[in-house]
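Read off the chains here:
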Amino acid sequence: MPAPERIPSRSLTDPELLTLLSEGTLTVLGQVGGASNAVLHCTVAYEGEERACAYKPVAGEQPLWDFPDGTLAQREVAAYEISRATGWDLVPPTVLREGPYGPGMCQLWIGGPASDEEAPSLLALVEGEEPGEGWKAVGLAEVGEGRTALLVHADDPRLRRLAVLDAVINNGDRKGGHLLPGPGGRLFGIDHGVTFNADDKLRTLLWGWAGEPLTEEARRVLDRLAAGLAPGTALATRMAELITPAEVEALRERVAGLVGSGVHPRPGGRWPPLPWPPV
C-alpha cells in the first residue's frame with residue numbers, strides 16, 4: 001500500500017476539502033487490516049486535485065446491539081460536525097457519500113508528522129504507583145505473569161481537548177490507536193462510529209483529568225457549543241439528520257452537564273471505563 005501523503009495543516013480547514021471528499025472520484029487502493037468494520041484506503045480526485053482518504057462503506061459495518069439506529073458512518077460524520085463546531089478541529093474532514101461499495105463515510109487521510117520529533121509519546125506503561133512529571137495516571141494494567149504496570153497518558157493540552165470532545169460525543173471507544181499525530185504538531189482523533197449513544201458509554205484511555213476543573217478554554221468552547229445546539233440552529237438541524245432525536249437531546253444534556261459541573265467527568269460505573277483492547 002502506498003505511503004499516505006503528508007497534508008499541510010493549514011489545508012485541513014479548507015472548505016474545498018469537503019467538496020473534494022464529497023464529489024471526487026474514489027479509487028480503492030487496498031483494505032486496512034485489523035479493523036472490526038471495513039476500512040478502505042483510497043484516493044479521491046476532483047478537478048485536478050487528489051488526496052488520500054479512508055472510505056468506510058455502510059455495507060461493511062458489523063451490527064451492534066447497542067447502536068441499532070442509523071449507521072456508524074453517520075456517527076463518524078456527526079463527530080466531525082461537533083469537532084468543527086468546537087473550533088478545535090480534532091477530527092479530520094469527514095463526509096457521507098456514495099462510493100464503489102455503496103454509501104459510506106469518507107475521511108481525509110492523516111499521513112503523520114514530518115519527523116519523530118513532532119510525534120512525542122502520548123501513552124505509556126510505567127513501573128510504580130505515580131505517573132511522573134508530565135504524565136497523568138489512568139489505572140493499573142496487567143502486563144503478564146501476574147505483573148501490573150501503571151497506564152499513563154501525557155499531560156498534553158491536545159489530549160485534554162480530545163478528552164472534552166469525547167465526553168461531549170459520548171465516545172465508547174477511545175483507544176490509543178485512534179490518536180493520530182499530524183503535521184505541525186497537530187493531533188487528531190479517528191474512529192468515531194460508536195458515539196452519541198443516549199446512555200452513558202464513555203470508554204477512553206484519557207481519564208487522567210477525571211474530576212479536575214475544565215480549562216477556561218474548554219468552558220468557553222462548551223458555552224458556545226451549548227448555544228449552537230439550541231433547537232432550530234443549523235448545528236442542531238444537522239445533528240438531527242445524523243443521529244436520533246433522543247441522542248440529540250442526550251448530547252445537549254451532556255454539554256449542559258459539563259458546563260454546570262465545570263469538571264472533567266469521572267467513570268460512570270455502569271460501563272467498563274477502558275476500551276479493550278486498549279490499542
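Just so it is clear, the structure is predicted and the values come from calculations on it, not from any experiment. (Residues numbered from 1 in each chain as written. Predicted model: local features only at pLDDT ≥ 70, side-chain atom pairs only at ≥ 80, totals over all residues. Heavy atoms only, no water.)

Caption draft 1: Structural detail: the environment of Arg 266. Here Arg 266 lies in the segment after helix H6 (245-261). In the structure, Arg 266 is positioned 54 residues away from Glu 212 in sequence and 9.2 Å away in space, judged by C-alpha atoms. (Helix = DSSP H or I, 4+ residues; strand = E, 2+ residues; numbered from the N terminus.)

Caption draft 2: Structural context of the packing of helix H3 (residues 157-169) against helix H4 (residues 216-228). Viewed as axis vectors pointing N to C, H3 and H4 meet at an angle of 30°, and their least axial separation amounts to 11 Å. With respect to H4, the axis of H3 lies roughly parallel. The handedness of the crossing between H3 and H4 comes out as right-handed. Here Arg 161, Val 164 and Val 168 of H3 lie close against H4, whose contacting residues are Glu 217, Ala 218, Leu 222 and Leu 225. Classifying every residue of the contact of H3 with H4 gives 5 nonpolar, no polar and 2 charged. (Axes fitted to C-alpha atoms, helices over the stretch in contact; angles between N-to-C directions. Parallel < 35°, antiparallel > 145°, perpendicular 65-115°, else oblique. Left-handed = near helix turned anticlockwise from the far one by under 90°. Contact = heavy atoms within 4.5 Å. Nonpolar A, V, L, I, M, F, W, Y, C, P; charged D, E, K, R; others polar.)

Caption draft 3: Inspection of the side chain of Asn 170 at higher detail. Within the element layout of this structure, Asn 170 appears in the loop between H3 and strand S9 (179-181). For Asn 170, the side chain forms a polar contact with the main-chain nitrogen of Leu 202, separated by 3.1 Å. (Polar contact = N/O pair within 3.5 Å; in protein donor to acceptor, adjacent residues only side chain to side chain.)

Caption draft 4: Region of the structure containing the sheet that holds strand S2 (residues 40-46). Judged by pairing direction, the sheet is antiparallel, and its 5 strands sit side by side in the order S1-S2-S3-S5-S4 without closing on themselves. With partners counted over all chains shown, the strands left at the sheet margins are strand S1 (25-31) and strand S4 (94-99), one partner each. For this sheet, the mean angle separating the axes of adjacent strands, direction not counted, is 40°. When strand S3 (residues 49-57) meets strand S5 (residues 102-108), the two strands line up antiparallel, connected through 5 bridges. Note that in S5 the partner of Lys 56 across the bridge is Met 105. On the sheet, helix H1 (residues 15-23) packs against S1, S2, S3, S4 and S5 and is oriented at approximately 25° with respect to S4. (Pairing = 2+ DSSP bridges.)

Caption draft 5: Helix H5 (residues 234-242), seen in detail. By the burial criterion, the buried members of H5 are Leu 235, Ala 236, Met 239 and Leu 242. Seen end-on, H5 carries its buried residues on one side only, within an arc spanning 120°. Those residues of H5 that are exposed and aimed more than 90 degrees away from the buried face are Ala 234 and Ala 240. Check the buried side of H5 and you find it contacts helix H2 (72-86), S4, H4 and H6. (Buried < 20%, exposed > 50% of the residue type's maximum accessible area, 1.4 Å probe, protein only. Arc of directions from axis to C-beta.)

Caption draft 6: Representation of unusual backbone geometry within the structure. Phi is positive for Glu 47, which is not a glycine, with a value near 50°. Considering the arrangement of structural elements, one finds Glu 47 in the loop between S2 and S3. On the accessibility criterion, Glu 47 (72% relative accessible area) is exposed. At Asn 170, a residue that is not glycine, the phi angle is positive and equals roughly 60°.

Caption draft 7: Spotlight on the confidence of the model for the protein. Confidence along the protein averages 90 in pLDDT terms, with 92% of residues attaining 70 or more. For residues 1-10, every residue scores under 50 in pLDDT, and the model assigns this stretch 22 contacts once sequence neighbours within four places are set aside. (pLDDT = per-residue confidence, 0-100.)

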